[in-house]
Amino acid sequence: MRKLTVLIVLLVAIASASALTTDGNDTAAVPDGTLIVLNLPKFDGNLLDLTNIWVEVKFDLSDAAVSLDNDSVTSATGTAKVNSSFVTFDSTVTLLKVDFDSIAAGDFTVAEQQAYGLDPTTGDPTGQFDATMLGDYAHHDFGTITRQDSGDIYSSVWGEYVGSGDFQITVDASYLTGATFDGSDGYFQGSTPSGVIYAEVVYNYIPEPATMALLGLGLAFLRKKKVA
Ligand SMILES: [Ca+2]
């Protein structure tokens with residue numbers, strides 16, 4: 001009976017020790033063509049204590065909008081477009097996941113478009129963009145476009161995440177709004193999009209010395225009981 005009690009206490013101690021987590025995150029606006037650095041905490045403990053590292057990087061592109069104006073005397077299709085990409089995506093730790101896919105610049109590329117059938121021009125001045133708000137005009141708001149990648153980090157690179165201070169993720173984004181027309185005399189007006197980057201790291205670990213001490217204590221107690 002005592003043995004069972006000791007075992008239960010041991011299991012509870014191990015179970016509670018294995019639940020420890022520490023994490024951190026950082027977020028920043030990413031203006032077009034500007035180098036941005038995110039700082040995320042390293043694991044300030046022992047490499048052997050780690051049981052998992054999880055990383056997420058998320059990018060939101062907002063305020064992308066394109067207005068179209070057909071100045072042709074025939075109807076035309078106008079296509080509003082937004083493109084964004086990370087010209088730079090660097091990290092001081094290797095963002096290699098257990099599935100051998102890396103969190104990389106390509107995960108955050110945006111290339112979206114929306115086509116509109118436009119009526120012949122309504123007679124507004126030709127050769128320039130005019131917001132007529134009539135059938136020769138269309139406006140597309142792309143809303144917030146989210147690109148995200150996350151996952152458990154491959155254990156062979158965990159060592160890079162251990163230490164004091166932070167690791168850095170550096171990005172530089174390029175944004176473009178535009179339009180194409182299948183007829184002549186199409187004009188557009190595009191906004192300047194804005195971007196926000198967010199990154200998070202979560203460390204799961206077992207504080208090994210504490211667990212081993214408890215385990216040792218329990219085993220010693222069991223052994224003592226066995227002898228008695
Ligand atoms: Ca027009």
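Note on numbering: residues in each chain are counted from 1, in written sequence order. Reporting in this predicted model follows two pLDDT cut-offs: at least 70 for local features of residues, and 80 or more for side-chain atom pairs to be given and counted; totals over whole chains, interfaces and linings ignore these cut-offs and use all residues. To get the side-chain values, all heavy atoms of the structure are used, and hydrogens and water are removed first.

J.: Even after reading the chapter, I still don't get the coordination of the calcium ion, so can you show me in this structure?
T.: The reference angle at a metal is 109.5 degrees if four donors form a tetrahedron and 90 or 180 degrees if six donors form an octahedron. Around the calcium ion, the donor atoms from the protein are Asp-69 (OD), Asn-70 (O), Asp-71 (OD), Thr-121 (OG1), Asp-124 (OD), Asp-124 (OD) and Asp-136 (OD), and they sit 2.3 to 2.7 Å away. Of the residues examined, Asp-124 reaches a relative accessible area of 11% and is grouped as buried. In this listing, donors mean N, O and S atoms no farther than 2.8 Å from the metal, or 3.2 Å for Na, K and Ca; water is missing from the atoms, so a site can look incomplete. A simple rule labels every residue: compare its accessible area, found with a 1.4 Å probe on the protein chains alone, to the largest value its type can have, and call it buried under 20%, exposed over 50%, or partly exposed in between.

J.: Would you explain the environment of Tyr-187 in this entry?
T.: Note on conventions: DSSP H or I runs of at least 4 residues are helices, E runs of at least 2 residues are strands, and numbering of each starts at the N terminus. Examined against the element boundaries, Tyr-187 turns out to sit in strand S10 (residues 186-190). Spatially, the C-alpha atom of Tyr-187 lies 10.0 Å from that of Ser-72, the residues being 115 residues apart in sequence. Beyond its immediate chain neighbours, meaning those up to four positions away, Tyr-187 contacts Ser-67, Leu-68, Asp-69, Asp-71, Gly-127, Gln-128, Phe-129 and Phe-181. Throughout, a residue-residue contact means that at least one pair of heavy atoms, one from each residue, lies within 4.5 Å.

J.: How should the pairing of strand S2 (residues 35-41) be read in this particular structure?
T.: One face of the sheet, then the other: side chains in a regular strand alternate in exactly this way. Every second residue of S2 is oriented toward a common face, the buried set being Ile-36, Leu-38 and Leu-40 and the non-buried set Leu-35, Val-37, Asn-39 and Pro-41. Strands pair, by our definition, only if DSSP identifies at least two bridges between them. Bridging between S2 and strand S9 (residues 166-181) involves seven bridges; their strand directions are antiparallel. From the neighbouring strand, Leu-38 faces S9, where its bridge partner is Ile-169.

J.: I'm lost on the side chain of Thr-79 in this one. Help?
T.: Along the polypeptide, Thr-79 turns up in strand S5 (residues 76-91). Among residues more than four places away in sequence, those in contact with Thr-79 are Leu-68, Gln-113, Gln-114, Ala-115, Gly-178, Ala-179 and Thr-180.

J.: For this particular structure, what's the right way to read the pattern of salt bridges?
T.: Working definition: two side chains of opposite charge can pair if their charged atoms are close together. Every case where a carboxyl oxygen of Asp or Glu lies within 4 Å of a side-chain nitrogen of Lys or Arg is listed as a salt bridge. Under the criterion given, the structure shown has four salt bridges. Among the ionic pairs, Lys-97 bridges to Asp-101, the shortest N-O distance being 3.2 Å. On the basis of relative accessible area, Lys-97 is assigned to the buried category, the value being 5%. The exposure class of Asp-101 is partly exposed, given its relative accessible area of 32%. Note that Asp-149 is salt-bridged to Lys-97, the shortest N-O span being 2.7 Å. Remark: Lys-97 occurs in the loop between S5 and strand S6 (110-118) and Asp-149 occurs in strand S8 (residues 145-152); sequence separation between them is 52 residues. Across this residue pair, the class does not change: Asp-149 and Lys-97 are buried. Each of Lys-97, Asp-101 and Asp-149 takes part in one network of salt bridges that share partners.

J.: Would you mind showing me how to read the sheet that holds S8 here?
T.: The four strands are arranged S1-S11-S3-S8 in an open sheet whose pairing can be described as antiparallel. Lying at the two open borders of the sheet, with one neighbouring strand each, are strand S1 (20-30) and S8. Looking at each pair of strands side by side, their axes are set apart by 10° on average, direction ignored. Note: S1 against strand S11 (residues 194-205), 11 bridges, orientation antiparallel. Within S11, the position partnered with Ala-29 by the bridge is Val-196. Axis geometry follows a simple rule: fit a line to the C-alpha atoms, using only the stretch in contact for helices, then measure angles between N-to-C directions, giving values from 0 to 180 degrees.

J.: I would appreciate a short explanation of the environment of Asp-60 in the present structure.
T.: With respect to the helices and strands, the residue Asp-60 is situated in strand S3 (residues 50-62). In the analysis that follows, any N or O atom pair within 3.5 Å is treated as a polar contact, provided that within protein one partner can donate a hydrogen and the other can accept it, and provided that, for residues neighboring in sequence, both atoms belong to side chains. Looking at Asp-60, its side chain comes within polar contact range of the side chain of Thr-146, at 2.6 Å.

J.: I'm lost on the nonpolar core in this one. Help?
T.: Where a protein is soluble and globular, its nonpolar side chains tend to be buried together. Among the nonpolar cores identified, the biggest contains 44 residues, and Ile-53, Val-55, Val-57, Phe-89, Tyr-161 and Ile-169 are the most heavily contacted of them. Take this core: its biggest share by element is seven residues, from S9. Ignoring anything within four residues of it in the chain, the contact list for Ile-169 reads Ile-36, Val-37, Leu-38, Leu-40, Val-57, Phe-89, Asp-90, Ser-91, Leu-95 and Ala-199. In this description, a nonpolar core means a group of buried Ala, Val, Leu, Ile, Met, Phe, Trp, Tyr and Cys residues linked to one another through side-chain atoms lying within 4.5 Å.

J.: Sorry, what's going on with the packing of aromatic side chains here?
T.: Describing an aromatic ring pair means giving the distance of the ring centres and the angle of the ring planes. We call Phe, Tyr and Trp rings a pair once their centres come within 6.5 Å, taking the six-membered ring for Trp, and we label the pair stacked below 30 degrees between planes, edge-to-face above 60, and tilted otherwise. Considering all chains together, one arrives at 10 aromatic pairs under this definition. Here the aromatic rings of Phe-43 and Tyr-203 are separated by 5.5 Å at their centres, their planes lie at 40°, and the arrangement is tilted. Here Phe-43 is found in the loop between S2 and S3, whereas its partner Tyr-203 is found in strand S11, with 160 residues between them in sequence. Pair check on accessibility: Phe-43 and Tyr-203 agree, each one buried. When the centroid spacing of 5.9 Å and the interplanar angle of 5° are considered together, the rings of Phe-86 and Phe-89 count as stacked. Like Phe-89, Phe-86 is buried.

J.: Any chance you could explain the sheet that holds S9 here in plain terms?
T.: Two modes of strand pairing occur in sheets, parallel and antiparallel, and in both the strands are linked by backbone hydrogen bonds. Strands sit in the order S2-S9-S5-S6 across an open sheet of four strands; the sheet is antiparallel. The open sheet has two free edges, formed respectively by S2 and S6, since each of these has just one partner strand. Neighbour-to-neighbour, the strand axes of the sheet open up by a mean angle of 20°, direction not taken into account. Bridge count for S5 against S6 is nine bridges, and the pairing is antiparallel. Note on S6: the bridge partner recorded for Asn-83 is Ala-111.

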